[in-house]
Amino acid sequence: MGQIVREQGRSLKEFRLLPRYTPESLKSDTVSLETRLCRRGNDYLRMHTPILSAAMQAVTDSDMAIAIAQLGGIGILPVSQSPEKQCTSIDAVKRFKAGFQTNIVTLAPDNPIGDVIDIMAENGYSTFPVTESGEFHGKLAGIITDKDFDERYDRSHTVAERMKTDVQVGIEVNSLKEANTLMIQYGRGFLPIVSKDGMLLSVVFKKDLDKHIQHPHATIDDEKRLCIGAAVSTHPEDRDRVAALVAHHVDVIVVDASDGHTQFQQELIRWIKSTHDVPVIGGNVVTADGFRFLVEAGADGVKVGMGIGSGCITQVVKATGRGQASTLLDVCDARDEIAGNTYIPIIADGGIKGAGDMTIALALGADAIMAGNLLARYTESPGSVIRNADGEIVKEYWMEGSMKARNHRRYAQLENTFFEEGVNGHVPHEGSIYDKLPAMMQMVKASFATAGCGTIDEMHDNAILEIQSFASLQDGDVHGMTQVQMAQEIVL
Ligand code: IMP
């Protein structure tokens, strides 16, 4: 007989935080949810909002990745698509916003305006630097924007005939703050930065400054571009995928496996860490052994959770899985035991229904959570908005192990004997993530304040959690009355 763990597996939903002393200075708006996602070099990739959008077709594409990174989290592109598609999405996220930009379409004076019109139609750009050679780092000759020509009559004119040459520039400015100040002073939407002899070095856009002002806590890389992660499988062909993702400046690689305690995963992580300079999050594991195993393999962060995703049927078909609270209790203890070495962030993945679950996961030791269902509800997720049979507005949400996604590699299955480990369905459409996520994070912050904790580290050290009986949990739900929606209220 093997081993029987006689304690019951615990769900996040069975725990409640007990209040602790809250000083006047600790309010929900003074709480910081800044967190470490994973090791990066000698430091950590840090985020202001401890949330990752799941590596699922129904959750993360470039729109979701842009939105969640602007709100301080990070999106993880699913592996169940071609590497080319993942790279195109990374490019879209990296292009969305930057500080000093050096990778933008540049024109030569003798290009016909017809070309400019075509580029604008294809890419949506409206402002282009013009250099003598047409190369980005050539000598600046002028600027052309969509306001400088008439699409109806100017196709055969050259860029030189229509561009502006009295361009205000920043000379060898290398502080972004200084460049933005100059751009505002000149009243322009675009500032080229040039060397003393007029060679174009970089450009700064006012729209990027506006985005920064609107979302000051966005997750950004060293070049002020939004951060993004991408999933890879442990299959050997995905080594080329890793190389492509790194070449496109992915910020973190997430190994996508429902069971990460495998030789395949160990070999992949070791290979990535010895060949590429990119952080790797390993997973998923649910035991202390699994956690130590991935840390020894070189993982910079560890993702935990099995059999608890909202549409997951792994527990039904394979009888494997574990309550997420038990998982966190075990893996966080294992992390404490190896403390003294580096701190390895832990991401709680699956089954997070809202602010309450998030708070409990963080209090139990997680550094961030990954969500699928919760985020698939928002306009920015890839699923279509449809009206269901009851007339409700819903969004499609399908699991990676469903027939629709057929991500057989995540489940170590063979393509020709594929069986489902997840379902395909709908979730309510709840509006835009830009409205909803900040409100949800405000609730998490309010819980932190009640628990007397101002940061995630304080929560890890000081939170007092208690397991609740079934009856106590029932007391915590609306009981003894029926709820009336505002719109249904009848005033007599
Ligand atoms: P949710 O936030 O509860 O919807 O869970 C999302 C998580 O479920 C993902 O991040 C995956 O770890 C996991 N997951 C995704 N697809 C499947 C599946 O088909 N079966 C089991 N787990 C899945």
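Numbers given to residues run from 1 along each chain, matching the order in which its sequence is written. In view of the model being predicted, local features appear only for residues whose pLDDT reaches at least 70, and side-chain atom pairs are presented and counted only at 80 or more, with totals across whole chains, interfaces and linings using the full set of residues. Each side-chain value is worked out from all heavy atoms of the structure, with water and hydrogens disregarded.

Asker: Explain the layout of surface pockets to me, please; I cannot follow it from the model alone.
Answerer: Summary: where empty space remains is shown by rolling a probe the size of a single water molecule over the atoms. Put simply, the grid is 1 Å and covers the protein atoms alone, a cavity is a trapped set of points that fit a 1.4 Å probe, a pocket is an open set with protein on both sides within 12 Å along at least five of seven lines, and lining residues have an atom within 4 Å of a point. Grid points are joined across faces, edges and corners, and a volume is the space filled by probe spheres set on the points. Here the largest pocket is characterised by a volume of approximately 900 Å³. Along the walls of the largest pocket sit 35 residues, with Gln101, Ile104, Thr127, Phe205 and Lys207 positioned nearest its centre. Those elements that place two or more of their residues in the lining of the largest pocket are helix H2 (83-96), strand E6 (127-131), strand E7 (140-145) and strand E9 (190-194). Secondary structure is summarised from DSSP: a helix means a run of H or I of at least four residues, a strand means a run of E of at least two, and numbering begins at the N terminus for each. If you tally residues by element for the lining of the largest pocket, the top one is H2, at four residues. Any residue that is not Ala, Val, Leu, Ile, Met, Phe, Trp, Tyr, Cys, Pro, Asp, Glu, Lys or Arg is counted as polar, Gly included; the first ten are nonpolar and the last four charged. Here the lining of the largest pocket is built from residues that sort into 13 nonpolar, twelve polar and ten charged.

Asker: What exactly am I supposed to notice about the packing of helix H12 (residues 355-363) against helix H14 (residues 433-450) here?
Answerer: Angle between the axes and distance between the axes: these two values describe a pair of packed helices. Axes, fitted as lines to C-alpha atoms, cover a helix only where it is in contact. Angles between the N-to-C directions of the axes lie from 0 to 180 degrees. For the pair H12 and H14, interaxial distance at closest approach is 9 Å and the crossing angle is 45°. In terms of their interaxial angle, H12 and H14 are classed as oblique. In the packing of H12 onto H14, the handedness of the crossing is right-handed. Packed against H12, whose contacting residues are Ala355, Met358, Thr359 and Leu362, the element H14 presents Met440, Met441, Met443, Val444, Ser447 and Phe448 at the interface. A per-class count over the contact of H12 with H14 returns eight nonpolar, two polar and no charged. Just so you know how the angles are binned, under 35 degrees is roughly parallel, over 145 roughly antiparallel, 65 to 115 roughly perpendicular, and the rest oblique. A clockwise turn of the near helix away from the far one marks a right-handed crossing, whereas an anticlockwise turn of less than a right angle marks a left-handed crossing. Any two residues having at least one pair of non-hydrogen atoms within 4.5 Å are treated as being in contact.

Asker: Which parts of the structure should I look at to understand a nonpolar patch on the surface?
Answerer: Candidate patch residues must exceed 30% relative accessible area and have no salt bridge, after which like charges are joined if within 9 Å and Val, Leu, Ile, Met, Phe, Trp or Tyr side chains if within 5 Å. Computed with the Shrake-Rupley method and a 1.4 Å probe, the accessible areas treat only the protein chains shown as cover for residues. Take a side-chain nitrogen of Lys or Arg and a carboxyl oxygen of Asp or Glu: if they are within 4 Å of each other, that pair is a salt bridge. A cluster of nonpolar side chains, Val316, Val317 and Phe419, forms an exposed patch at the surface whose accessible area comes to about 280 Å². For Val316, the position within the fold is in helix H10 (residues 314-318). The buried label applies to any residue whose accessible area, calculated with a 1.4 Å probe on protein chains only, is under 20% of its type's maximum; exposed applies above 50%, and partly exposed to all values in between. On the basis of relative accessible area, Val316 is assigned to the exposed category, the value being 69%.

Asker: Can you help me understand the sheet that holds strand E10 (residues 200-205) in this one?
Answerer: Strand pairing in a sheet takes place through backbone hydrogen bonds and is either antiparallel or parallel in direction. The pairing criterion for strands is at least two bridges between them, as found by DSSP. Pairing is mixed across the open sheet formed by three strands, whose spatial order is E8-E9-E10. Of all strands in the sheet, those bounded by a partner on one side alone are strand E8 (170-171) and E10. In terms of strand pairing, E8 meets E9 through two bridges, oriented parallel. Looking across to E9, one finds that Ile171 is bridged to Val194. Where helix H5 (residues 176-186) meets the sheet, it contacts E8, E9 and E10, and its direction lies at approximately 125° from that of E9.

Asker: Would you mind showing me how to read the pattern of salt bridges here?
Answerer: Where side chains of opposite charge bring their charged atoms close, a pairing between them can arise. The tally for this structure, following the rule as stated, stands at 27 salt bridges. With its nearest N and O atoms 3.0 Å apart, the salt bridge here joins Arg162 to Asp154. Overall, the relative accessible area of 26% leaves Arg162 in the partly exposed class. When the shortest N-O distance is used, the salt bridge between Asp208 and Lys207 registers 3.8 Å. Residues joined by salt bridges that share partners form a network here, namely Lys94, Asp221, Glu223, Arg225 and Asp251.

Asker: What is the right way to look at the nonpolar core in this model?
Answerer: The nonpolar side chains of soluble globular proteins are, as a tendency, buried together. As used in this record, nonpolar core signifies buried Ala, Val, Leu, Ile, Met, Phe, Trp, Tyr and Cys residues forming a set joined through side-chain atoms within 4.5 Å. Ranked by size, the top nonpolar core spans 103 residues in total, and within it Leu37 and Leu328 carry the most contacts. With seven residues, H14 is the single largest residue contributor to this core. The contacts of Leu328, once residues within four sequence positions are left out, are Leu12, Val304, Asp333, Ile346, Ala348, Ala361, Leu364 and Ala366.

Asker: How do you make sense of the pairing of E10 when you look at a structure like this?
Answerer: Regular strands place their side chains on alternate faces of the sheet. Buried residues dominate E10, accounting for five of its six residues. Pairing geometry for E9 and E10, over five bridges, is antiparallel. Paired with Ile193 across the bridge in E10 is Ser202. Once E9 ends, the chain turns through five residues before running back antiparallel as E10, passing Gly198 with a positive phi of about 85°.

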